[in-house]
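Understanding the architecture of this molecule
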Amino acid sequence: MKKTLVVFAGKRGTTKAAAGRLAAALGDSVAYDLAAGPVPGPEDYEAVALAGAAYMGSWDQRLVAWANEHAEALKRKELALLEIGMNPAANAAAAALPGLAARARAYCKPGGSVRWSKLGFMERLIVRMVSGKKGDASNYDEAKLDAFASELKEAWA
């Protein structure tokens, strides 16, 4: 298994859980949260998985900034993209990083979740306007994430 760096950015926990699950499944890997402090560059790793939350069609900008900062090094690595979000049709990762997305070995969008109690007033208003619903919602599929991890583990053996 290739030594893998998993870099993630999210707001409310689903991306963190997914990145941790991916890192654990891959074995020789470690997950770093961009919000928690310094994240190493990809130079000491053979493969990199970028895991980001998609909000309103945009991938988390902290992750986009990190990827852009390390774009040259990422071009020389095996790469996979994991996007967490409720809209199954959108590919915010490809829109945010088209060059990296085009050369990524794999892409997975296992869904996402909305935890109503963790949303601010404006976020609740937007969710109600867009979906016409209020309250918790989820289309997060751990089996899809596990299949993605298995695919990567086999490809990066």
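**Describing the pattern of salt bridges**
Under the defined criterion, the tally for this structure stands at 7 salt bridges. The shortest N-O distance in the salt bridge between Glu142 and Arg21 comes to 3.5 Å. Taken together, the residues span a long stretch of sequence, with Glu142 in helix H7 (residues 142-155) and Arg21 in helix H1 (residues 14-26) at a distance of 121 residues. Taking the relative accessible area as the measure of exposure, Glu142 reaches 38% and is therefore partly exposed. Arg21 sits in the partly exposed class, given a relative accessible area of 33%. Residue Asp60 is joined to Arg62 by a salt bridge in which the shortest nitrogen-to-oxygen separation is 2.7 Å.

**Examining helix H2 (residues 61-69)**
Three or more residues of H2 are buried, namely Leu63, Val64, Trp66 and Ala67. The buried residues of H2 occupy an angular sector of 165° when projected down its axis, which confines them to one face. What points out from H2, more than 90 degrees from its buried face, is the exposed set Gln61 and Glu69. Those residues of H2 hidden inside the fold are in contact with strand S1 (4-9), strand S3 (47-55), strand S4 (58-59), helix H3 (71-74), helix H4 (92-96) and helix H5 (98-103).

**A closer look at the nonpolar core**
Of all hydrophobic cores here, the largest spans 22 residues; its most connected members are Val7, Leu50, Trp59, Trp66 and Leu79. Taken together, the elements giving at least two residues each to this core come down to S1, S3, H2, strand S5 (78-84) and H4. Looking at this core element by element, the count peaks at 4 residues for H2. Ignoring anything within four residues of it in the chain, the contact list for Leu50 reads Val7, Trp59, Leu63, Trp66, Ala67, Leu79, Ala80, Leu81, Leu82 and Leu97. Counting residues in hydrophobic clusters, the runner-up holds 20 residues, among them Ala47, Ala51, Ala149 and Trp156.

**Looking at the packing of aromatic side chains**
Following the criterion strictly, the structure yields 0 aromatic pairs and no others. Residue placement shows Lys3 over the ring face of Tyr45; its charged tip is 5.0 Å from the ring centre. The cationic tip of Lys11 hangs over the ring face of Tyr55; the distance from NZ or CZ to the ring centre is 4.6 Å.

Rules and cut-offs
- Residues numbered from 1 in each chain as written.
- Predicted model: local features only at pLDDT ≥ 70, side-chain atom pairs only at ≥ 80, totals over all residues.
- Heavy atoms only, no water.
- Salt bridge = Lys/Arg side-chain N within 4 Å of Asp/Glu carboxyl O.
- Helix = DSSP H or I, 4+ residues; strand = E, 2+ residues; numbered from the N terminus.
- Buried < 20%, exposed > 50% of the residue type's maximum accessible area, 1.4 Å probe, protein only.
- Arc of directions from axis to C-beta.
- Contact = heavy atoms within 4.5 Å.
- Core = buried A, V, L, I, M, F, W, Y, C linked by side-chain atoms within 4.5 Å.
- Phe/Tyr/Trp six-rings, centres within 6.5 Å; stacked < 30°, edge-to-face > 60°.
- Lys NZ or Arg CZ within 6 Å of the ring centre and 35° of its normal.

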